[in-house]
Amino acid sequence: MRSLVRETHLRPGGLIYPLFLVPGEGIRRPIATMPGCFNLSVDEALKDATECAALGLGGLLLFGLPAEKDEAASGAWNGDGIVQTGLRALRAERGLSRLVMIADVCLCEYTSHGHCGVVTRGGEGISADYEIDNDASLKLLVKTAVSLASAGADVVAPSDMMDGRVAAIRSALDAGGHQQTPILSYAAKVASAFYGPFRAAADSAPQFGDRRSYQMDGANLREAMREIDQDVAEGADMILMKPAMPYLDVVRAARERFDLPIGAYQVSGEYSMLSAAFERGWLERDQTILESLISLRRAGADFVVTYFAKHAARLIG
Ligand code: PBG
């Protein structure tokens, strides 16, 4: 009877699994801060993608660690970049065609300084000795998005939090013949300590300063709604809320205010703190994972990005 009257459901098709691609072959390098997650070369990533397809997952979210980093983040927008190469390989496999391939659009994994945008020295702020040049960053983000769409991304997902990037990416995609490629915008992304484990996974920690000049203050709900309003006005097709569990009220508020599809990203810190408790036997793995995911669906998320996607899909079949 409990099952009959259940209000909220989880299904594999509503889960998205992130992959961290690295150059090379035969590489399956464990990520120390995220037990059970790996940096994968493209050939190894194909194996994981095949497993995800067999489990009926909704899609993959692709991140890349380039061979080299520089100030212009060339690894992000180069046609031979690691994610572009991965996308072409994934696209070539017929068996993977039901997985939605979502490409993260950001510069932090590709810049030598680890910031999500272009850094200019000697900023004018009271205490700043550097600034992020918003509009110069847009040019690189646009190039990145078009390059990823050309390589076969079904969806591009800007996570940089520069102002105006959704409009800039939309018009460049349209001009480049990618009118059909939707934008999943990380619209209200908080400057969060919960991304810590990811930065080890993606080797993307800022070398100086922090991300507070472009990522949001987690204390602000109204500002989060304004950020989403702006991205919707600029042409976002879907929005992604992150982190997830510490921000359930923000997901709920967004659900009530916006009709477009909403995803929640259960980020690395959420994954790692749960995984640590599982390892110690302090929390029971299966039920805790399912409860953490159903809470996001109940809060209003249509789909969930989670490092537990494969495990959860096995549990819910
Ligand atoms: C890139 C990006 C980050 C995450 C997703 N895209 C890191 C950051 O903003 O520092 C975090 C994902 C996670 O923690 O799982 N900007």
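Up top is the structure these notes are about.
The rules behind each value
Residues numbered from 1 in each chain as written. Predicted model: local features only at pLDDT ≥ 70, side-chain atom pairs only at ≥ 80, totals over all residues. Heavy atoms only, no water. Helix = DSSP H or I, 4+ residues; strand = E, 2+ residues; numbered from the N terminus. Expected span 1.5 Å × (residues − 1). Buried < 20%, exposed > 50% of the residue type's maximum accessible area, 1.4 Å probe, protein only. Polar contact = N/O pair within 3.5 Å; in protein donor to acceptor, adjacent residues only side chain to side chain. Salt bridge = Lys/Arg side-chain N within 4 Å of Asp/Glu carboxyl O. Phe/Tyr/Trp six-rings, centres within 6.5 Å; stacked < 30°, edge-to-face > 60°. Contact = heavy atoms within 4.5 Å. Near = heavy atom within 4 Å. Areas by Shrake-Rupley, 256 points an atom, 1.4 Å probe, with all protein chains shown as cover. Patch = residues over 30% accessible without salt bridge, like charges linked within 9 Å, V, L, I, M, F, W, Y side chains within 5 Å. Pairing = 2+ DSSP bridges.

Draft legend 1. Quick look at helix α4 (residues 134-150). Here α4 is 17 residues long and its end C-alpha atoms lie 24 Å apart, about the 24 Å a rise of 1.5 Å per residue gives. Among the residues of α4, those classed as buried are Asn134, Ser137, Leu138, Leu140, Leu141, Val142, Thr144, Ala145, Ser147, Leu148 and Ala149. Measuring from the backbone nitrogen of Asp135 back to the side-chain oxygen at the start of α4 gives 3.3 Å, which picks out Asp133 as the cap. Looking one or two places after α4, you find Gly152, whose phi comes out positive at around 120°.

Draft legend 2. Fine view of the pattern of salt bridges. Scanning all chains against the criterion turns up 17 salt bridges. Of the charged contacts, one joins Arg170 and Asp237 as a salt bridge, the two residues approaching to 3.8 Å between their closest N and O atoms. Within this pair, whereas Arg170 is found in helix α5 (residues 165-175), its partner Asp237 is found in the loop between α7 (221-234) and β10 (238-242), the two being separated by 67 residues in sequence. According to the relative accessible area criterion, Asp237 is partly exposed, its value standing at 33%. Taken together, the shared-partner salt bridges connect Arg28, Glu44, Lys47, Asp48, Glu51, Lys310 and Arg314 into one network.

Draft legend 3. Inspection of the packing of aromatic side chains at higher detail. Per the stated rule, a full pass over the model turns up 10 aromatic pairs. Seen from their ring centres, Tyr271 and Tyr307 are 5.6 Å apart, and the 65° between their planes marks the pair as edge-to-face. Note that Tyr271 is positioned in helix α9 (residues 268-279) and Tyr307 in the loop between β12 (303-306) and α11 (309-316), a separation of 36 residues in sequence. By relative accessible area, Tyr271 is classed as buried at 6%. Members of the aromatic cluster, connected to one another through ring pairs, are Phe20, Phe63, Tyr186, Phe198, Tyr265, Tyr271, Phe278, Tyr307 and Phe308.

Draft legend 4. View of the environment of Leu62. When you line up the elements, Leu62 lands in strand β4 (residues 59-64). Those residues in contact with Leu62, other than ones at most four positions away along the chain, are Leu19, Val83, Leu87, Leu90, Ile102, Ala103 and Asp104.

Draft legend 5. The arrangement of the side chain of Arg165 in detail. By the element assignment, Arg165 lies in helix α5. Using a relative accessible area of 2% as the deciding quantity, one classes Arg165 as buried. Within the local environment of Arg165, its side chain forms a polar contact with the backbone oxygen of Pro158, the two atoms lying 2.8 Å apart. Here the side chain of Arg165 touches Asp231 through a polar contact of 3.1 Å, side chain to side chain.

Draft legend 6. Quick peek at the site of the ligand. Around the ligand, 18 residues are found, and the nearest of them are Lys189, Arg199, Lys242, Ser268 and Tyr307. Ser159 places a side-chain nitrogen or oxygen 3.4 Å from a nitrogen atom of the ligand. The contact in question runs from an oxygen atom of the ligand to an N or O atom on the side chain of Arg211, over 2.9 Å. Here the ligand loses 100% of its free accessible area of 400 Å² to cover by the protein chains.

Draft legend 7. A nonpolar patch on the surface, seen in detail. Together, Met1, Leu4 and Val5 make up a nonpolar patch on the protein surface, roughly 420 Å² of accessible area in all. Residue placement: Leu4 occurs in the segment before β1 (15-22).

Draft legend 8. Region of the structure containing the pairing of strand β5 (residues 100-105). Most of β5 sits inside the fold, with 5 of its 6 residues counted as buried. Bridge count between β4 and β5: 4 bridges; the pairing is parallel. When the sheet's bridge partners are listed, Leu60 is paired in β5 with Met101. By the bridge criterion, 4 bridges tie β5 to strand β8 (residues 155-158) in an arrangement that is parallel. In the strand pairing of β8, Ala103 is matched with Val156.

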